[in-house]
Amino acid sequence: MSFFIRKNVSKRKKPPVRITNNNIKKKKTQNQADDEISSDSSESDHDDQQPYSSESDSDKYITASEKKVQLAKKYLSEIEEEERRRLEDDDDDEQVNKNVLKRLKDDVLDQKGQLKTKLAEGLSFPTDIVELRNRNHVKAITCTVISSNDKYAYSCSKDSSIIQWDLETCRVHKSLSYNRKRPQHNPTHHTYPVLSLAVSDHYLASGDNSGLIVIRNPITLDYIGSLTGHKEAVTGLIICNESNQLFSCSKDKSVKVWNLVDMCYIETLFGHQNEVTCMDMLQKDRLVTAGGMENMVRVWKIQDETQLIFNGTGGSIDTVQKIDSAHFVTGSDNGTVSIWGTLKKKPLCNVENAHGINHTNGQPNWVSAVGALANSDLVVSGSNNGTIKFWRCSNNFKSLLPLFDVPVKGFINGLVFTNDGSRLIVVIGNEHRFGRWHNVTGVKNSLHVIKLNFIKK
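As a starting point, this report considers the structure included with it. Since the model is a prediction, treat every value here as computed from it, not as a measurement.

### Here's the deal with the overall build of the chain
In terms of regular secondary structure, the chain is built from 4 helices and 28 strands. Looking at the chain as a whole, 45% of its 457 residues qualify as buried. When contacts within the chain are restricted to residue pairs at least 6 apart in sequence, long-range pairs at least 24 apart make up 45% of them.

Given below as structure tokens:
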């Protein structure tokens, strides 16, 4: 017998299966898959049965466009009922349709912020004037802005202080001051005269004579960050609420664009050949700037990267203010108040010697500030002759008619209307906000809140 052949050799049995965690997991996954299949099958069975719904068949299968049409018809019917009740005449359908059409047009313009109203003719002489004064404003107040909800007013002065005023109580809410007797280096505070302010729902920006821009929280005045880039004094600031962009102009002849979300620089707009003294925003991504001694006004189209040049009639154009998206008003050091339109390169209307002649030197009084109630025909101007002049725009902005004068002693460095048009904030200083060429003695640096009363006709 061969050596390799063995007798009585039995087959080997398979070793017993060891129970491990992997085997248990495999079994579980298989069971879960079976459960999922069974649940799917049960769901398919239930899908055949439609659940109870309170909606009717017509509402269930309506499209989004048809739903909009239904809401529009409902809105029109409500307006028509209101107009019929107001007219108290259900038979005059033609007049009702005219009123409904006018109301719809007004609603669209109001949503766009382009609704123009004539208020100047019904304005009565103001008698309620409140003076706001604080010891932190030792030197001349240079600028003021108002929050979007008309709750707070902010003012800055040449002593580097910023004050937040509560317009409901007419008292100081918070203040930031710089102690010049004990100077300390603090990067969160201004150490130079603050010349410009801008406010939005989320930011408060301030620019000083050194070119520094400081961003703060508009409610708490907490420091957020600083923006540097201007080589000379920042003379104007504007914040766009829609894009959270900051626009600044300076005596270094430039206009800069900043991003407030990322706190960074975007671009510089060049074109002015002299100091840029003031700026305002006509609409989103469209600015208007005053060129000072250049005697020019420029309208900047940010998205198109173009600019329009408007030629003045002489003197230094030191202040500019928006009337509506297509018109603005300017004031010059030769005593001229001008109304401009974006479709014409020359002023639509000029009022020379608007504040009279200075008897000491025989020259026209300097128009140091102008203001306008947005989308209306009411314009105001101020100088150092002791009066604030109220004007009415007429004849499609081709003429400017005087209404009355309000006596206020001092240099008028700012005129700002509240957003609801019920009050006018006047910035009063003993000298001009840019220099000390003329000092009015016996004047206390303060803000005057003038309550406006409009008579409905």
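There is more to say, and it comes next.
### Comments concerning the pattern of salt bridges
Per the counting criterion, the structure on display carries 6 salt bridges. The closest approach of N and O atoms between Arg-298 and Glu-294, which form a salt bridge, is 2.9 Å. Take Arg-298 and Glu-294: they sit in the same class, and that class is buried. One salt bridge in this structure joins Arg-436 and Glu-431, with 3.0 Å as the shortest N-O distance. Glu-431 sits in the buried class, given a relative accessible area of 6%. It is possible to trace a salt-bridge network through shared partners that takes in Lys-158, Glu-431 and Arg-436.

### A word on the nonpolar core
Ranked by internal contacts, the top residues of the largest apolar core, which has 22 residues, are Ile-388, Phe-390, Ile-412, Leu-415, Leu-424 and Val-426. Contributing elements (two or more residues each) for this core: strand E23 (378-382), strand E24 (387-394), strand E25 (399-407), strand E26 (411-417) and strand E27 (423-429). The element contributing the most residues to this core is E26, with 4 residues. Apart from residues no more than four positions distant in its own chain, Val-426 is found in contact with Ile-388, Ile-412, Gly-414, Leu-415, Ser-446, Leu-447, His-448 and Ile-450. In terms of nonpolar packing, the next biggest core, distinct from the first, is built from 15 residues, Val-329, Ile-339, Val-379 and Leu-400 among them.

### What about the packing of aromatic side chains?
All told, the structure shown has 7 aromatic pairs when counted by the stated rule. Between the aromatic rings of Phe-310 and Phe-328, the centroid separation amounts to 5.9 Å while the plane-to-plane angle is 85°, which identifies the pairing as edge-to-face. Remark: Phe-328 occurs in strand E19 (residues 327-332) and Phe-310 occurs in strand E17 (residues 306-311); sequence separation between them is 18 residues. Here the two residues Phe-310 and Phe-328 agree in accessibility, since each one is buried. Here the guanidinium or amino end of Lys-345 rests over the ring plane of Phe-310, the centre of that ring lying 5.9 Å away.

### A closer look at the sheet that holds strand E28 (residues 446-451)
Across the sheet, which stays open at both edges, the 4 strands sit in the order E1-E28-E27-E26 with antiparallel pairing between neighbours. Every other strand in the sheet has two partners, leaving strand E1 (129-132) and E26 as the edge strands with one partner each. Direction aside, neighbouring strands of the sheet carry axes that sit 20° apart on average. As defined by bridge partners, E26 adjoins E27 across 6 bridges and the pair is classed as antiparallel. Looking across to E27, one finds that Val-416 is bridged to Ile-425.

### Side note on the sheet that holds E23
Here 4 strands make up an open sheet; going across it, the order is E22-E23-E24-E25 and the pairing antiparallel. In the strand order of this sheet, the two ends are held by strand E22 (369-372) and E25, each with one partner. Neighbour-to-neighbour, the strand axes of this sheet turn through a mean angle of 25°, independent of strand direction.

What counts, and at which threshold
- Residues numbered from 1 in each chain as written.
- Predicted model: local features only at pLDDT ≥ 70, side-chain atom pairs only at ≥ 80, totals over all residues.
- Heavy atoms only, no water.
- Helix = DSSP H or I, 4+ residues; strand = E, 2+ residues; numbered from the N terminus.
- Buried < 20%, exposed > 50% of the residue type's maximum accessible area, 1.4 Å probe, protein only.
- Contact = heavy atoms within 4.5 Å.
- Salt bridge = Lys/Arg side-chain N within 4 Å of Asp/Glu carboxyl O.
- Core = buried A, V, L, I, M, F, W, Y, C linked by side-chain atoms within 4.5 Å.
- Phe/Tyr/Trp six-rings, centres within 6.5 Å; stacked < 30°, edge-to-face > 60°.
- Lys NZ or Arg CZ within 6 Å of the ring centre and 35° of its normal.
- Pairing = 2+ DSSP bridges.
- Axes fitted to C-alpha atoms, helices over the stretch in contact; angles between N-to-C directions.

Any functional reading would require information beyond the geometric quantities listed.
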